[in-house]
Amino acid sequence: MIHVLLTQYDLLEGTGTVIAEGSGNLSGDTLIYREKAEPFYFHEVNFTDRKITLERKAEIRSVTELVPMGKGTSTVHSPFGKMELTTVLNGWSRQEDTWMVEYKVLSGDETVLHQRLVWELKGAAE
């Protein structure tokens, strides 16, 4: 069990929001934790050199695949159907106590989301 603090930075709006703060599980390349505002909603992050997958398990489920030096996908499943968008990974780093990704989500050529996610992990080295 580790402590997770996830901050989301909206680079289009210039804002930052704490999405998760609490306990989580870290096993190898996979981190699982709950949202701060909706504790029944889970996030799972798989962070490898070849692909980073962000999955949100909630009423509206999303799976975002980020590929270094290439394009990925963001798939949103809702009661209204499935939507698939393109992702572009702008930056990433993985250290023992901090993970970071910066990426854009595109609809055609239009950027609909540009964000940086920073996970601060306490107890990961223990």
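Rules and cut-offs
- Residues numbered from 1 in each chain as written.
- Predicted model: local features only at pLDDT ≥ 70, side-chain atom pairs only at ≥ 80, totals over all residues.
- Heavy atoms only, no water.
- Helix = DSSP H or I, 4+ residues; strand = E, 2+ residues; numbered from the N terminus.
- Rg over C-alpha atoms; globule rule 2.2 N^0.38 Å.
- Pairing = 2+ DSSP bridges.
- Axes fitted to C-alpha atoms, helices over the stretch in contact; angles between N-to-C directions.

**Q** Just give me the short version of the overall build of the protein chain, but keep the residues and values in it.
**A** Summing up its helical and strand segments, the protein chain has zero helices and ten strands in all. Shown N-terminal to C-terminal, the secondary structure of the protein chain runs as helices and strands in the order β-β-β-β-β-β-β-β-β-β. Relative to a compact globule of 126 residues, whose C-alpha radius of gyration would be 14 Å, the protein chain shows 14 Å and is just as compact. If you line up the protein chain on its principal axes, its C-alpha atoms span 45 × 35 × 30 Å.

**Q** Summarise the sheet that holds strand E2 (residues 15-27); cite the residues concerned and give the values.
**A** The strand order around the closed barrel formed by ten strands is E1-E2-E3-E4-E5-E6-E7-E8-E9-E10, and the pairing between neighbours is antiparallel. Strand-to-strand twist of the sheet, defined as the mean angle between neighbouring strand axes without regard to direction, takes the value 25°.

**Q** Could you give me a rundown of the pairing of E2, with the residues and numbers involved?
**A** Put simply, side chains in a regular strand alternate between the two faces of the sheet. Sheet topology places strand E1 (residues 2-10) next to E2; nine bridges connect them, and they run antiparallel. By the bridge assignment for E2, Val-4 is matched with Gly-22. The hairpin turn running from E1 into E2, its antiparallel successor, is four residues long, and Gly-14 in that turn takes a positive phi close to 75°. Between E2 and the antiparallel strand that follows it, strand E3 (residues 30-34), lie two residues; Gly-28 among them carries a positive phi value of about 65°.

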